[in-house]
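If you want the building blocks of each chain, they are given just below.
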2 protein chains.
Amino acid sequence: MSVKDKGTEQLIKDTAKKIFFAEGKLHATTQDIADAAGVNRTLVHYYFRSRKLLFEQVTEEAMDELRHIMSDAFTGKQTFQEKLKKLINAFMDQTIAFPYRELFLITETNRYDTEHADEVHDTHTKPFLAEIKAEMDKGAIKAMDPRHFMMNLFSLMAYPLLSSKLSKGFMKITDHEYVKLMKQRKQLIFEMIYPQ
Amino acid sequence: MSVKDKGTEQLIKDTAKKIFFAEGKLHATTQDIADAAGVNRTLVHYYFRSRKLLFEQVTEEAMDELRHIMSDAFTGKQTFQEKLKKLINAFMDQTIAFPYRELFLITETNRYDTEHADEVHDTHTKPFLAEIKAEMDKGAIKAMDPRHFMMNLFSLMAYPLLSSKLSKGFMKITDHEYVKLMKQRKQLIFEMIYPQ
DNA sequence: TTAATGTTTGACAATTTTGTTAAGCAAATG
DNA sequence: CATTTGCTTAACAAAATTGTCAAACATTAA
């Protein structure tokens, strides 16, 4: 099923996500989005009422996507090591496709001072933190505040893709080389986080 | 010398940096900046001609600040270990004060497709990468592409501060606790990067 | 076919943001 | 004291962006 076949509403939303999350153009106007989607700008208002509501919907769905990564990876009876690999694999794939998704969320939450869902913690994050703690007690990974562990993990996965333009400039890395480096990171991050 | 005493031009620039880099309000208008600085908006145009020129100046100075961190830390005859500590200390302090500085640079470079300074590499980054490589050859740190090492380092330093709102939400961390965690990271990052 | 329903469009209005101008003001220089 | 100079302001103009509306169009059901 192509992007076009999903109907105009979905097309507009997907195009907005592409512009925000993949291209990192956070200042895109409704006109920019309509143009990229190849539709009349009025349709943005027809389907979403206002620019703000489109943004809110996109933001909410992006938050959901983030939430689900952890619940997807950390359910089931696999070992911690296997779950961790699954998490790294899924998150990296998504972040390669949409490097600026979190950047969008951060700037949007800074824009208006919206507090975001609290129940997330209990359902998704808390079990994850508990498993980390258990793994530390076993001595499998270095003891530290599990929240530091989690921050380290997500930092190593997200930041290099978020800052690719800066990194390319500072380290003189070509686009081609950068892709190669990013592909190596799944394994590399696992080894840093979970030393053999 | 207080912020006010530096003259209006500097005051406007400093206020803009505070809004962009400290508060992460990337969509701030010239009116927002003028209000925060307590001056008439016309002064923004008087001193900087246009919004775009103010942004370019702020961007350029932020790039310079980033460049200097590495040259500052990596000149002199200290050991690699000492230089690394110096770098972590300086970068973390700056990032705690201005967590969104890089976020601003990333979105601005995404906005217009500006290529950024190449000579940076030779003067600052290349010697740093060479020292990393030497340290790996000595066996002091785990062997990998030195560029990965550098990415890891900056990821661990920058990302948790950049994403503090998301992290606080997902892990239910209070503002107070977050500050405490961030203060611990200087040491923690050094230990992750440079295992004893 | 006709009516009903949902979709798309262009023209227009409103709002927000940026940029310009001329005049006022204050310090300091002759 | 008069003048120059740089700084500041309010009022206005221009541009960019968002939002509205009625009419045209297409699709489906009666």
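The model shown is predicted, which means the values in this text are computed figures rather than measured ones.

A. Focus on empty space enclosed by the protein. Counted according to the given criterion, the structure contains three cavities of 30 Å³ or more. Counted as a void, the largest cavity has a volume near 240 Å³. Together, 16 residues line the largest cavity, and Glu102, Met150 and Phe154 of chain A together with Tyr159 and Phe170 of chain B are the ones closest to its centre. Within the residue set of the lining of the largest cavity, elements represented by two or more residues are α4 (51-73) and α8 (146-162) of chain A together with α8 (146-162) and α9 (164-171) of chain B. Its residues placed into classes, the lining of the largest cavity shows 12 nonpolar, three polar and one charged. There is about 210 Å³ of room inside the second largest cavity. Taken together, Tyr159, Ser163, Leu166, Ser167, Phe170 and Met171 of chain A together with Leu66, Met70, Glu102, Met150, Met151 and Phe154 of chain B make up the lining of the second largest cavity. Of all the secondary-structure elements, those providing two or more residues to the lining of the second largest cavity are α9 (164-171) of chain A together with α4 (51-73) and α8 of chain B. Here the lining of the second largest cavity gets four residues from one element, more than from any other, and that element is α9 of chain A. For the lining of the second largest cavity, a count of residues per class yields nine nonpolar, two polar and one charged.

B. Geometry of the relation of the copies chain B and chain A. Structural alignment of chain B on chain A gives an RMSD of 0.0 Å, achieved by rotating through 180° and translating 0.0 Å along the axis. Look at the turn and shift together and you get a two-fold axis relating the two. Minimal C-alpha separation from the rotation axis in chain B is found for Ser155 of chain B, amounting to 2.6 Å. With an isologous cut-off of 70% or more, the 100% of interface residues of chain B that recur at the interface of chain A puts this contact in the isologous class.

C. The arrangement of the side chain of Thr59 of chain B in detail. Residue and element names in this part refer to chain B. Of note, Thr59 is situated in helix α4. Residue Thr59 is classed as buried on the basis of its relative accessible area of 8%. Polar side-chain contacts of Thr59 include one of 2.7 Å to the backbone oxygen of Phe55.

D. Up close: the protein's contact with DNA strand C. Surveying the vicinity of DNA strand C reveals 13 residues, the closest of which are Thr8 and Tyr47 of chain A together with Thr30, Arg41 and Arg51 of chain B. Each atom of DNA strand C within 4 Å of the protein was assigned to sugar, phosphate or base; sugar and phosphate come to 51%. Tyr46 of chain A is positioned with one of its side-chain polar atoms (N or O) 3.0 Å from a phosphate oxygen of DNA strand C. A distance of 2.4 Å separates a phosphate oxygen of DNA strand C from a polar atom in the side chain of Arg51 of chain B. Looking at the surface near DNA strand C, the elements with two or more residues in it are α3 (42-48) of chain A together with α3 (42-48) of chain B. Take the surface near DNA strand C: its biggest share by element is four residues, from α3 of chain A.

E. Broad picture of the domain arrangement of chain A. Residues and elements named next belong to chain A. Here chain A is partitioned into domain 1 (1-49) and domain 2 (59-193). Using C-alpha coordinates to define each centre, domain 1 is positioned 27 Å away from domain 2. Listed per partner, the contact involves eight residues of domain 1 and 11 residues of domain 2. Approximately 830 Å² of surface area, both sides summed, lies buried where domain 1 meets domain 2, with 70% of it carried by carbon and sulfur atoms. Three residues stand out in domain 1 for area buried against domain 2, namely Lys17, Phe21 and Leu26, and they jointly supply 67% of the buried area on that side. For the pair domain 1 and domain 2, the number of links is three salt bridges. Of the charged contacts, one joins Glu65 and Lys17 as a salt bridge, the two residues approaching to 3.3 Å between their closest N and O atoms. When grouped by side-chain class, the residues that make up the side of domain 1 that touches domain 2 number four nonpolar, one polar and three charged.

F. Representation of unusual backbone geometry. All names here are of chain A. With a phi close to 50°, Lys172 is a non-glycine residue in the positive phi region. Mapped onto the elements of the fold, Lys172 is located in the loop between α9 and α10 (175-193). Note on Lys172: relative accessible area 43%, which makes it partly exposed.

G. Structural context of the interface of chain B and chain A. At the junction of the two partners, chain B supplies 59 residues and chain A supplies 59 residues. Taking both partners together, chain B and chain A bury about 5400 Å²; carbon and sulfur atoms supply 66% of that area. Sorting the residues of chain B by area buried against chain A places His27, Tyr159 and Phe170 of chain B first, and these three jointly supply 15% of that buried surface. Applying the counting rule to chain B against chain A returns four salt bridges. Of the charged contacts, one joins Glu191 of chain B and Lys142 of chain A as a salt bridge, the two residues approaching to 3.4 Å between their closest N and O atoms.

H. Layout of the pattern of salt bridges. Residues and elements named next belong to chain A. Evaluation of the coordinates by the stated rule reveals 30 salt bridges over all chains. Across the salt bridge formed by Lys83 and Glu131, the nearest N and O atoms sit 2.8 Å from each other. In this pair, Lys83 is assigned in helix α5 (residues 80-97) and Glu131 in helix α7 (residues 119-138), connecting sequence segments 48 residues apart. Residue Lys83 is classed as buried on the basis of its relative accessible area of 5%. Here Asp145 makes a salt bridge to Arg147, at a shortest N to O gap of 2.9 Å. By relative accessible area, Arg147 is classed as buried at 18%.

Reading guide: rules and limits
- Residues numbered from 1 in each chain as written.
- Chains lettered and ligands numbered in written order.
- Predicted model: local features only at pLDDT ≥ 70, side-chain atom pairs only at ≥ 80, totals over all residues.
- Heavy atoms only, no water.
- 1 Å grid on protein atoms, 1.4 Å probe; cavity = no way out; pocket = protein on both sides within 12 Å on 5 of 7 lines; lining within 4 Å.
- Points joined across faces, edges and corners; volume = space filled by probe spheres on them.
- Helix = DSSP H or I, 4+ residues; strand = E, 2+ residues; numbered from the N terminus.
- Nonpolar A, V, L, I, M, F, W, Y, C, P; charged D, E, K, R; others polar.
- Least-squares fit on C-alpha atoms with pLDDT ≥ 70 in both.
- Contact = heavy atoms within 4.5 Å.
- Buried < 20%, exposed > 50% of the residue type's maximum accessible area, 1.4 Å probe, protein only.
- Polar contact = N/O pair within 3.5 Å; in protein donor to acceptor, adjacent residues only side chain to side chain.
- Near = heavy atom within 4 Å.
- Domains from an automatic or database assignment.
- Buried area = accessible area lost by both parts, 1.4 Å probe.
- Salt bridge = Lys/Arg side-chain N within 4 Å of Asp/Glu carboxyl O.

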